[in-house]
Amino acid sequence: MSTAPGPAIEVLLDGYGVNTNLGLTALCSVLLIEGTDAAQRPTRILVDPAHVGRRTFLWEALAARGLGPADIDMVVLTHAHWDHVQNIDVFDHAPLFVHPDERHYAHSPHREDWATPAWTGDILERMDIREIEDGDELIPGVRVVDLAGHTVGSVGITVENSDGLSLITGDALHYAHVALTRANPLVFWDPDQAVASIDRAVSLADVIYPGHDQPFRLTADRSIEYVRPFCLTITGATPDRPGLSFSDERAAPWNMPGIADLAGRKAEFEAAAAARRAQRERASG
Ligand SMILES: [Zn+2]
């Protein structure tokens, strides 16, 4: 056993579920993991580079730490939705880690899947893709867990150090309250898998880094305890602006129309997974 404290996890850009009646802001959590690889070389992993509306903010967040894009060694996608992937080209020097099912689906998304535009597969293939799935170790202390349901190839990333186990969930768990409601607000692949993935995330982690909310832990009496102060400034308007209003109403959980069509494609993904398992067994055997 190593006596090192282990890899560190840090929020680069906060995720938050603020939305409007005119469109989604889609602020996903952007995370930085700093550890060492198996050869003890310092390694920085960026998880979910976010959408282009946040590109300059991402540059600034890196610069505030004395870093630039070139200092990122690996980029991981929890899944291939537009608001998580668009800045991958900022890191085109680095390998891009994505689940093979997510990669495959991104080339033929369902017509109703507004979060996976038809160009998604093309922008992924511009990168040096490395496929990851459940159990894979990115660097010591940093592992992949399958959290399918929101999308076919959603993954979480666990970061284990002397503080415990942190889990980056992507949109397998958008918001802290989902840990209690057990209802994924946006399901594009499989509602039952989505519930199982929420349960898996909650059972695994000491601290959860949700897809669109701040990191939190569940206390012994199952209340949500955020581990960072909340900070969001809305610019260009003040609360007394005529016509501006605030609401804490949440949209009801939503399943993609036509999601039943995808059942017909499950055999295709299962066959591909079986082929990958067989290949791995041959490689290790
Ligand atoms: Zn998503």
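Keep in mind the model is a prediction, meaning the values are calculated, not measured.

**Focus on unusual backbone geometry**
Most of the time, phi is negative for any residue but glycine, and the peptide bond is trans. A positive phi angle, close to 55 degrees, is found at R182, a residue other than glycine. Topologically, R182 is positioned in the loop between α5 (178–181) and β13 (186–187). Phi at R222 is positive, roughly 55 degrees, even though this residue is not glycine. With respect to the secondary-structure elements, R222 resides in the loop between β15 (216–218) and β16 (224–226). Look at R222 and you get exposed, because 9 C-beta atoms sit within 10 Å.

**Things to note about the pairing of strand β4 (residues 30–36)**
Summarising burial for β4: 5 of the 7 residues are buried, a large majority. Examined bridge by bridge, strand β1 (residues 8–13) and β4 share 5 bridges and lie antiparallel to one another. Paired with A8 across the two strands is E34, which belongs to β4. Sheet topology note: the β4/strand β5 (residues 42–47) ladder contains 6 bridges and is antiparallel. By the bridge assignment, I33 is partnered in β5 with I45. As consecutive antiparallel partners, β4 and β5 are separated by 5 residues, and within that stretch Q40 has a phi angle of approximately 70 degrees, a positive value.

**Thoughts on the pairing of strand β11 (residues 155–161)**
In terms of burial, β11 is a largely internal element, 5 of the 7 residues being buried. Relative to β11, strand β10 (residues 142–146) runs antiparallel, the two sharing 5 bridges. Bridging across to β11, V145 finds its partner in G156. Here β11 pairs with strand β12 (residues 164–170) via 5 bridges, running antiparallel. Note on β12: the bridge partner recorded for N161 is G164. What sits between β11 and β12 in their antiparallel hairpin is a turn of 2 residues.

**Concerning the sheet that holds β5**
One open sheet accounts for 6 strands, arranged β1-β4-β5-β6-β7-β8; its pairing is mixed. At either end of the open sheet lies a strand with only one pairing partner, and these are β1 and β8 (128–131). In this sheet, neighbouring strand axes are inclined to one another by 25 degrees on average, regardless of whether the strands run parallel or antiparallel. In this structure, strand β6 (residues 74–76) lies alongside strand β7 (residues 95–98), joined through 2 bridges in parallel fashion. Its bridge partner being in β7, V76 is matched across the sheet by F97. Lying over the sheet, helix α1 (residues 55–63) contacts β1 and β4, oriented at roughly 140 degrees with respect to β1.

Rules used throughout
Residues numbered from 1 in each chain as written. Predicted model: local features only at pLDDT ≥ 70, side-chain atom pairs only at ≥ 80, totals over all residues. Helix = DSSP H or I, 4+ residues; strand = E, 2+ residues; numbered from the N terminus. Buried ≥ 20, exposed ≤ 12 C-beta atoms within 10 Å, placed from the backbone. Pairing = 2+ DSSP bridges. Axes fitted to C-alpha atoms, helices over the stretch in contact; angles between N-to-C directions. Contact = placed C-beta atoms within 7 Å.

Everything listed here is a matter of geometry and, on its own, says nothing about what the molecule does.
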